[in-house]
Amino acid sequence: MTYKDISDVLHPHGLICQGAIALASDDPIKPGGSLVMVGNARPQMWQAFAGSFDISQQDPMDTWTRRVVDPIASAFKAQALFPFDGPPYHPFQQWAQRAEPVSPSPIGALIHPIDGLWHAYRAALIFNLRVDMPTIEKILSPCESCIDKPCLTACPVEAFRPNYYNVPACVDHLNTIAPTECGLRGCLARHACPVGQNYVYEPKHAQFHMEKFVSSQ
Ligand code: B12
Ligand code: SF4
Ligand code: SF4
C-alpha cells in the first residue's frame, strides 16, 4: 500500500494526506509502523462536507469526519485517531511537524509554506507496517523572514502575544451583540498573514468554525 493509494481514497471527500511518519521500533504509538496525517487545505473538504451533511447538528464536522475516516481505516486495516478526541488530546501538532514542512507560528497554529495558516488536521491513520511514503523537504519557516509579524497586531482585542493566546478576551469579542468581522470572515490574526492568501477559507467555512468555537466555550 502506498501514500498515493490512501490519498486516492480520501480525495472524493475533499480530504488530503498531509505527510507521514515512519515510526521507530521503540515508538510508543505503534513501534515500527507508520502514521499518516489526514486533513484539509483549500476548498474541497468544505464543499464535500457542506454538500453532504446537516451542519445544524452538534459537532457536525467531527461526526462527518468519523463517518468518512473510520471505514477508510478499516479497509486499510489501520487505526484512526482524531484531533478532537480528548482531553487528553493526541499531539497532532507535534506529529504534523515530523510529517510535513510546517512550523509553529507566533499565534499557535502551524504555518505551511504554501497554504499558510489555512489548513487543519482531521485524523491520523496508524498502520502496523511501513507505508511507502514521500520524503519531506526541510523548508525554512516563512515566519523567520517575516519582520513585521502582522498576525501579532491584527487582533482587535490583542488576544495574541508570542506563545500566549488570551482565549477569554477572544471569546468575549466574538460574543458581542453586533456581528464581528472575525465572526463573519474568520480570525483577523490569521487573515493578516501574507502567506496562503489564495487559500483563505471561504466566509461560510470560516463562519462555521467561529460559531462552533464560540459555542464550545
Ligand atoms: C485545545 C485546543 C484548542 C483550545 C485551546 C488552544 C490553546 N490555547 O492552546 C481552543 C478551544 C481555544 C482552540 C481554539 C482554536 N483552535 Co485549537 N486545538 C486544540 C486541540 C484540540 C488540542 C491542543 C492540545 O492541547 N494538544 C495536546 C498537546 C500535547 O499536543 P501538542 O501537539 O504538543 O500541542 C500543541 C498546541 O497546544 C500548540 N499551541 C499552543 N498554543 C496554541 C494556541 C493556538 C491558537 C493554537 C491553534 C495552538 C497552540 O502548541 C503545542 C506544541 O506544538 C488541537 C487538536 C490537537 N489534538 O492537537 C486543536 C488545534 C491546535 N486547533 C486548531 C485550530 C485551527 C483552532 C482555531 C483556529 C479553530 C477555529 N476557530 O478556526 C481556534 C483558535 C481561535 C481563533 N482565534 O481563531 C488546529 C490548528 C491547525 C494548525 N494549522 O496548526 C488544531 C491542530 C486542530 C485541527 N483540527 O487541526 N483550540
Ligand atoms: S504573519 Fe508572519 S510571523 Fe505571522 S504567521 Fe504569517 S509569516 Fe508567520
Ligand atoms: S478571532 Fe478575532 S478576537 Fe479572536 S483572536 Fe482572532 S482576531 Fe482576535
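Residues numbered from 1 in each chain as written. Chains lettered and ligands numbered in written order. Predicted model: local features only at pLDDT ≥ 70, side-chain atom pairs only at ≥ 80, totals over all residues. Heavy atoms only, no water.

Here we look at the overall build of the chain
Item 1. Helices and strands together make up the secondary structure of the chain, namely 8 helices and 8 strands.
Item 2. Based on the C-alpha atoms only, the size of the chain along its principal axes is roughly 50 × 40 × 30 Å.
Item 3. For the chain, buried positions account for 43% of its 217 residues.
Item 4. Surface accessibility of the chain: about 11600 Å² in total, with carbon and sulfur atoms responsible for 55%.
Item 5. Distance between charge centres in the chain, computed from 16 positive and 20 negative side chains, equals 2 Å. (Helix = DSSP H or I, 4+ residues; strand = E, 2+ residues; numbered from the N terminus. Buried < 20%, exposed > 50% of the residue type's maximum accessible area, 1.4 Å probe, protein only. Areas by Shrake-Rupley, 256 points an atom, 1.4 Å probe, with all protein chains shown as cover. Lys, Arg positive; Asp, Glu negative; His and termini not counted. Charge placed at Lys NZ, Arg CZ, Asp CG, Glu CD.)

Quick look at the packing of aromatic side chains
Item 1. Applying the stated criterion across every chain, the model contains 9 aromatic pairs.
Item 2. Measuring from centroid to centroid gives 5.3 Å for W118 and Y201, while their planes differ by 65°, and the two rings are edge-to-face. Pair noted here: W118 is in the loop between β5 (110-111) and β6 (119-127) and Y201 is in the loop between α7 (188-191) and α8 (203-215), with a separation of 83 residues, a long-range link. By the burial criterion, W118 is buried, and Y201 matches it.
Item 3. Connected via pairs of aromatic rings, a cluster forms that spans W46, F49, W64 and F208.
Item 4. Between R66 and the ring centre of F82, over which it is positioned, the NZ or CZ distance is 5.1 Å.
Item 5. Stacked on the ring of W118, the Lys or Arg R190 has its end atom at 4.8 Å from the ring centre. (Phe/Tyr/Trp six-rings, centres within 6.5 Å; stacked < 30°, edge-to-face > 60°. Lys NZ or Arg CZ within 6 Å of the ring centre and 35° of its normal.)

Describing the pattern of salt bridges
Item 1. All told, the structure shown has 6 salt bridges when counted by the stated rule.
Item 2. Here R98 ties to D27 by a salt bridge, and the two come within 3.7 Å at their closest N and O atoms. Placement of the pair is R98 in helix α4 (residues 92-99) and D27 in the loop between β1 (16-22) and β2 (34-41), with a sequence separation of 71 residues.
Item 3. According to the relative accessible area criterion, R98 is partly exposed, its value standing at 41%.
Item 4. Measuring nitrogen to oxygen at the nearest pair gives 3.4 Å for the salt bridge that ties E158 to R161.
Item 5. Under the relative-accessibility criterion, E158 is labelled exposed at 53%.
Item 6. For R161, a relative accessible area of 40% corresponds to the partly exposed category. (Salt bridge = Lys/Arg side-chain N within 4 Å of Asp/Glu carboxyl O.)

Considerations on the environment of K77
Item 1. Within the secondary structure, K77 sits in the loop between α3 (60-75) and β3 (79-81).
Item 2. A C-alpha to C-alpha distance of 8.5 Å links K77 and N128, two positions 51 residues apart in sequence.

Here we look at the domain arrangement of the chain
Item 1. Entries for the chain in the domain assignment read domain 1 (3-140) and domain 2 (143-215).
Item 2. Contact residues are listed per partner, giving 25 residues for domain 1 and 24 residues for domain 2.
Item 3. At the surface where domain 1 touches domain 2, the tally comes to 0 salt bridges.
Item 4. For the pair domain 1 and domain 2, the interface holds 2 residue pairs in polar contact (both at pLDDT 80 or more).
Item 5. Secondary structure elements with two or more residues in the side of domain 1 that touches domain 2: α2 (44-50), α3 and β6.
Item 6. Partitioning the side of domain 1 that touches domain 2 into residue classes produces 16 nonpolar, 6 polar and 3 charged. (Domains from an automatic or database assignment. Contact = heavy atoms within 4.5 Å. Polar contact = N/O pair within 3.5 Å; in protein donor to acceptor, adjacent residues only side chain to side chain. Nonpolar A, V, L, I, M, F, W, Y, C, P; charged D, E, K, R; others polar.)

Digging into the sheet that holds β2
Item 1. Strand order in this open sheet of 4 strands is β1-β2-β6-β3, and the pairing throughout is antiparallel. Edge positions in the open sheet fall to β1 and β3, since each of these has one partner strand only. Averaged over all pairs of adjacent strands, the angle between strand axes in this sheet comes to 25°, irrespective of strand direction.
Item 2. Bridge count between β1 and β2: 5 bridges; the pairing is antiparallel. Looking at β2, one finds that A22 is bridged to S34.
Item 3. The strands touched by α4 within the sheet are β1, β2, β3 and β6, with β1 carrying the most contacts at an inclination of about 85°. (Pairing = 2+ DSSP bridges. Axes fitted to C-alpha atoms, helices over the stretch in contact; angles between N-to-C directions.)

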